[in-house]
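Each chain, letter by letter, is given below.
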2 protein chains.
Amino acid sequence: MRVAELSRRAGVSVASIKYYLREGLLAPGERTGPNQASYDEGHVRRLRLVRALIDVGGLSVASTREVLRAVDDDEVRLHDVLGVAQVAVTAVPAPTDDHATARAETLVDALVTRRGWRVGPSNPGRRAAVEILATCDRLGAHDLLNGLDAYAHAIEELARTEVDTVVDRGDRESTVEGAVVGMVLGSSLISALRAMAQEAAGARRLDECAPLDGADAAEGARQR
Amino acid sequence: MRVAELSRRAGVSVASIKYYLREGLLAPGERTGPNQASYDEGHVRRLRLVRALIDVGGLSVASTREVLRAVDDDEVRLHDVLGVAQVAVTAVPAPTDDHATARAETLVDALVTRRGWRVGPSNPGRRAAVEILATCDRLGAHDLLNGLDAYAHAIEELARTEVDTVVDRGDRESTVEGAVVGMVLGSSLISALRAMAQEAAGARRLDECAPLDGADAAEGARQR
């Protein structure tokens, strides 16, 4: 198909397609003339994947390129492709070298031991967790530090389910693609569900607390 | 204190301080001369908060400005400040109007009913969840769709803990600040712990599967 049809099929503008071609996110079509190329179903599918990773997963163009390179390289095992996707979805803040960082490192090491997690020192989440907890320490925000185990418990359950549902789809390409989509979009889904669950938990809590509050308190008192 | 000392105390360059002043993230100091101003402890504290939200929480300058405006406005209740912070940490992909979106809306509505969540239609997570699930549907990635309840269950538990640990610190300003830090940095912490827990779950799974794989399978067969 021509680029106009590719654009229509994938729901991506011709300008974006040209940009992705220049950035190496999409393989060139088969040349059919001096200014023409022909594209196939593989291009439609790849374009949809690119848009999902960038628009819905929030990946940068550079991260998307890294992830797709790993997806396309038959020599890279599923486990390592997922490692690349993990780096892409986990922002690691610049490290600061102070007492708060040293304390946070001890906290994270203790957490890893307590939960029996086998996690290497280069895991992006491990480095990020140290910086996040050190920042809380510097701000005097100890709620997150105190809640660390509750977070770890809920996330551990989730991660186990996520890893277990990597489905063997028969061929390497679609298995790896599915796993990457799960990893990247799963991260966005967690954010989305958290915003919903927080509103719901907040509404429930407001209900419980309302009779102690202003006009409602007076109403509550009158009913007693 | 002068700007040089403010810079040293907060660990933020003078150039960044001037940028934040221009962008309205930091209140101007007290003018002490034609080219001089004096800053106080409130500025140190605010700068640390700005850096935490931007560098560790990943907020944009514009989102940070919105959040700080709500924090600083005494008329805005805690519940509504958290709403603003929630919008800041939840990316909502551009909506697409097709069959996949309609199906995803039904899925999300059913999830909300099933879990008994009270969540308004404008909740950013609700709109994001619809787009994420619609994208999975379009890509034929049904793992996330199937795992939706497992995600919701784990996140619900987490959100309840998060909402319950909003600590009353005595005055509105520090209570609200603490809650915002928890909301924004909590989001980064979830990502970080997920990367660790996934590596740990993956390592455990590789162990379990190893004897069925290649050379190890031969070894396993010999031992039987």
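For the structure given in this document, a descriptive report is provided here. (Residues numbered from 1 in each chain as written. Chains lettered and ligands numbered in written order. Predicted model: local features only at pLDDT ≥ 70, side-chain atom pairs only at ≥ 80, totals over all residues. Heavy atoms only, no water.)

This part is about the overall build of chain A. Across its full length, chain A carries eleven helices and two strands. Going from the N terminus to the C terminus, chain A shows its helices and strands as α-α-β-β-α-α-α-α-α-α-α-α-α. Relative to its length of 224 residues, chain A is extended, with a C-alpha radius of gyration of 24 Å against a globular reference of 17 Å. The contacts in chain A between residues at least 6 apart in sequence include a share of 64% that link residues at least 24 apart. A gap of 4 Å separates the mean positions of the 28 positive and 34 negative side-chain charges of chain A. (Helix = DSSP H or I, 4+ residues; strand = E, 2+ residues; numbered from the N terminus. Rg over C-alpha atoms; globule rule 2.2 N^0.38 Å. Contact = heavy atoms within 4.5 Å. Lys, Arg positive; Asp, Glu negative; His and termini not counted. Charge placed at Lys NZ, Arg CZ, Asp CG, Glu CD.)

As a packed pair, helix α9 (residues 148-164) of chain A and helix α9 (residues 148-164) of chain B sit with axes 9 Å apart at the nearest point and diverge in direction by 170°. On the basis of their axis angle, the class for α9(A) and α9(B) is roughly antiparallel. Contact residues: α9(A) offers Ala150(A), Tyr151(A), His153(A), Ala154(A), Ile155(A), Glu157(A), Leu158(A), Thr161(A) and Glu162(A), while α9(B) offers Ala150(B), Tyr151(B), His153(B), Ala154(B), Ile155(B), Glu157(B), Leu158(B), Thr161(B) and Glu162(B). Among the residues forming the contact of α9(A) with α9(B), the class breakdown is ten nonpolar, four polar and four charged. (Axes fitted to C-alpha atoms, helices over the stretch in contact; angles between N-to-C directions. Parallel < 35°, antiparallel > 145°, perpendicular 65-115°, else oblique. Nonpolar A, V, L, I, M, F, W, Y, C, P; charged D, E, K, R; others polar.)

The interface of chain B with chain A comprises 79 residues on the first partner and 79 residues on the second. Counting each side, the surface lost to burial between chain B and chain A is near 6,900 Å², with a carbon and sulfur contribution of 68%. For chain B, the biggest contributors to the area lost against chain A are Arg118(B), Arg194(B) and Met196(B); these three give 10% of the whole. Where chain B touches chain A, the interface holds two salt bridges. The residue Arg194(B) makes a salt bridge to Glu162(A) at a minimum N-O spacing of 2.8 Å. Taken together, chain B and chain A are joined by 18 residue pairs in polar contact (both at pLDDT 80 or more). Of all elements in the fold, only α3 (41-56), α5 (78-89), α6 (99-115), α7 (124-139), α8 (142-146), α9 and α10 (172-209) of chain B reach the threshold of two or more residues within the side of chain B that touches chain A. Considering each element in turn, the side of chain B that touches chain A owes the most residues, 27 residues, to α10(B). Here the residues of the side of chain B that touches chain A sort into 43 nonpolar, 19 polar and 17 charged. (Buried area = accessible area lost by both parts, 1.4 Å probe. Salt bridge = Lys/Arg side-chain N within 4 Å of Asp/Glu carboxyl O. Polar contact = N/O pair within 3.5 Å; in protein donor to acceptor, adjacent residues only side chain to side chain.)

To go from the first copy of the chain to the second, apply a rotation about an axis and then a shift along the same axis. The transformation that overlays chain B on chain A combines an axial shift of 0.0 Å with a rotation of 180°, and the residual RMSD is 0.0 Å. Classification of the inter-copy transformation places it as that of a two-fold axis. For chain B, the minimum C-alpha distance to the rotation axis belongs to Ala154(B) and amounts to 2.6 Å. (Least-squares fit on C-alpha atoms with pLDDT ≥ 70 in both.)

Residues and elements named next belong to chain A. Counted by the stated rule, this structure contains two aromatic pairs over all chains. Here Tyr19 and Tyr20 contribute two aromatic rings whose centre-to-centre distance is 5.9 Å and whose plane-to-plane angle is 45°, an arrangement assigned as tilted. Assessed through its relative accessible area of 32%, Tyr19 is described here as partly exposed. For Tyr20, a relative accessible area of 6% gives the class buried. (Phe/Tyr/Trp six-rings, centres within 6.5 Å; stacked < 30°, edge-to-face > 60°. Buried < 20%, exposed > 50% of the residue type's maximum accessible area, 1.4 Å probe, protein only.)

In this structure, Trp117(A), Val180(A), Leu193(A), Trp117(B), Val180(B) and Leu193(B) are the most contacted members of the largest nonpolar core, which totals 130 residues. Each residue touching Trp117(A), except ones within four places of it in the same chain, is listed here: Leu111(A), Val112(A), Ala152(A), Glu156(A), Leu193(B), Met196(B), Ala197(B) and Ala200(B). (Core = buried A, V, L, I, M, F, W, Y, C linked by side-chain atoms within 4.5 Å.)

So, on to the pairing of strand β1 (residues 30-33) of chain B. Pairing analysis gives three bridges linking β1(B) to strand β2 (residues 36-38) of chain B, with the strands arranged antiparallel. Across the sheet, residue Arg31(B) finds its bridge partner in β2(B), namely Ala37(B). (Pairing = 2+ DSSP bridges.)

So, about the environment of Asp72(B). All names here are of chain B. Inspection of the secondary structure puts Asp72 in helix α4 (residues 61-72). The class of Asp72 is partly exposed, set by a relative accessible area of 44%. For the pair formed by Asp72 and Val176, sequence separation is 104 residues and the distance between their alpha carbons is 9.1 Å. Here the side chain of Asp72 touches Arg46 through a polar contact of 2.8 Å, side chain to side chain.

Looking now at the pattern of salt bridges. If the charged atoms of two oppositely charged side chains come close together, the side chains can form a pair. Counting across every chain of the model gives 34 salt bridges over all chains. For Arg69(A), the salt bridge is made with Glu66(A), and the minimal N-O distance between the two is 3.8 Å. Of the two residues, Arg69(A) and Glu66(A) both sit in helix α4 (residues 61-72), three residues apart, roughly one turn of that helix. The exposure class of Arg69(A) is exposed, given its relative accessible area of 53%. The residue Arg9(B) makes a salt bridge to Glu41(B) at a minimum N-O spacing of 2.9 Å. Remark: Glu41(B) occurs in helix α3 and Arg9(B) occurs in helix α1 (residues 3-10); sequence separation between them is 32 residues. When its relative accessible area of 28% is taken as the criterion, Arg9(B) is described as partly exposed.

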